[in-house]
Amino acid sequence: MDKRKFKIKTTFIDREQELRLLHNYLEAQPNSILFLYGLKSSGKTTLLYRLCDELAEDKSYEIKFLNLRKIFLDSYEDFLQAFFKTRNDRENGLKVSTKRQYSMFGRMLKGKKEDPFLVMEREFQKLVKKGRKPLIIIDEFHKLSGIYLPEKQKTLITELMNFFVAMTKESHLCHVIIASSDAFFIEEVYNDSKLRKTSAFQNLDYLSYADVKEWLFHTNRYNEVANFSLNENEIELIWETVGGSPWEIQYILERLFEFPLTKIVEKIKRERVAMVADWCFQDETNERKRLMKFFLDHSVQPIQAFDPSQRSILGEAVHDNILFYDPVEGAYGMQGKSLEWGIKEYFLSKFI
Ligand SMILES: Nc1ncnc2c1ncn2[C@@H]1O[C@H](COP(=O)(O)OP(=O)(O)OP(=O)(O)O)[C@@H](O)[C@H]1O
Ligand SMILES: [Mg+2]
């Protein structure tokens, strides 16, 4: 419990159904890797932290949580440091087992020669013998891409994936949840038939309309604010502008102390128009503009709506967080409702 005082706090809204799905995955004997993916800032990391908080009560789980966004990773050595306790952790007196700072593997590697995968497997076997359930959660997993194993031509990501398949589908030793905000990475995994058949994929969408209403009607309860409340029309306006994007909703609430809602909404829309305009302006062929037009009336488009020659421009849009790609659904969509406004108003502009 965070005891610090602020005029507005962040909150956690519902996610009952998504948490139930994660618990369901954990209640079955390990048999697959679970990939959690979804729109930028849809709440993947927050959901995983919540899951860990819920599991903290249950002493049968041994959770190894690694958020790679917090860690500088450039080499295989960095990976070993992140996954295994290192001498430095001890020397610096770092406490790695406090809440939300779950350690990875408790013991140090004996030397560079020792196989880290074997060490991990032995630790799982030991835990399972004691009746414990090991759970590995790695957030921002794609950050490992580009790292190679020493003296081998193999990539670390491929080796880790193979290892996790062996630990889940083959040995049934531990559960593995991998989260990523990188649509390319999820696409790569999904298109790898070996991994697709040994994994489950869960998309985390923005909050539902009902949940957003519940939140915004009770900001005093959820955000511990006393100074304002929102009426039905204001709540509708927020929903119309940013949909169920939790980060953007919180952003609006924080600004309500200083500005009227209409001004905040106008500013968000102007910023999104500028974002679309700037993105289109980088391309002299106007292909980006043509692509944006596709999404003017339908914010989600199935892959078959596009010509293969558009692959690279679609890739650029995903890379720049303009579009989101869902490989499981086989569809491209706008990165959020506020960007839909960006496109609409961009094409309404008298200059276009
Ligand atoms: N269920 C929720 N209720 C309220 N706020 C939430 C909820 N989930 C996430 N948020 C807020 O939304 C913001 C984004 O969440 P988070 O970082 O977990 O998203 P993410 O999907 O992991 O993002 P990224 O794609 O960058 O990895 C955070 O500021 C968080 O406080
Ligand atoms: Mg995240």
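Not measured: the values here are computed from a predicted model. (Residues numbered from 1 in each chain as written. Chains lettered and ligands numbered in written order. Predicted model: local features only at pLDDT ≥ 70, side-chain atom pairs only at ≥ 80, totals over all residues. Heavy atoms only, no water.)

> Help me out: how do you make sense of the environment of A166 in this one?
Positionally, A166 belongs in helix α6 (residues 156-170). In this structure the C-alpha to C-alpha distance between A166 and E121, which are 45 residues apart in sequence, comes to 9.6 Å. (Helix = DSSP H or I, 4+ residues; strand = E, 2+ residues; numbered from the N terminus.)

> Quick question: what am I supposed to make of the sheet that holds strand β3 (residues 133-139) here?
Judged by pairing direction, the sheet is parallel, and its 5 strands sit side by side in the order β2-β3-β4-β1-β5 without closing on themselves. Two strands in the sheet have a free side with no partner beyond their single neighbour: β2 (61-67) and β5 (199-204). Across the sheet, the axes of successive neighbouring strands diverge by a mean angle of 15°, strand direction being ignored. Two strands pair when backbone bridges link them, and β3 and strand β4 (residues 175-179) are joined in this way by 5 bridges, in the parallel orientation. Directly across from I137, in β4, lies its bridge partner I177. Lying on the sheet, helix α2 (residues 44-55) is in contact with β1 (33-38), β2, β3, β4 and β5; it crosses β2 at an angle near 155°. Together, β1, β4 and β5 form the strand contacts of helix α7 (residues 183-191), whose direction differs from that of β1 by roughly 140°. (Pairing = 2+ DSSP bridges. Axes fitted to C-alpha atoms, helices over the stretch in contact; angles between N-to-C directions. Contact = heavy atoms within 4.5 Å.)

> Where do I start with the sheet that holds strand β8 (residues 331-334) in this structure?
Think of a sheet as strands paired side by side through backbone hydrogen bonds, with each pair either parallel or antiparallel. With respect to topology, 3 strands assemble into an open sheet ordered β6-β8-β7, the strand pairing being antiparallel. The sheet terminates laterally at β6 (300-302) and β7 (323-326), the two strands that pair on one side only. On average, each strand axis in the sheet is tilted by 20° relative to the strand beside it, whichever way the strands run. As paired strands, β7 and β8 are joined by 4 bridges and run antiparallel to one another. Bridge pairing in β8 places Y325 opposite Y332.

> Just checking my understanding: could you explain the domain arrangement of the protein chain for this structure?
The extent of an interface is frequently quoted as the accessible surface area lost upon association of the parts. Along its sequence, the protein chain is organised into domain 1 (31-204) and domain 2 (209-348). Each of domain 1 and domain 2 has a C-alpha centre, and the two are 32 Å apart. Each partner contributes to the interface: domain 1 provides 13 residues, whereas domain 2 provides 15 residues. For the pair domain 1 and domain 2, the two sides together bury roughly 1200 Å², of which 69% comes from carbon and sulfur. On the surface where domain 1 and domain 2 come into contact, there are 0 salt bridges. (Domains from an automatic or database assignment. Buried area = accessible area lost by both parts, 1.4 Å probe. Salt bridge = Lys/Arg side-chain N within 4 Å of Asp/Glu carboxyl O.)

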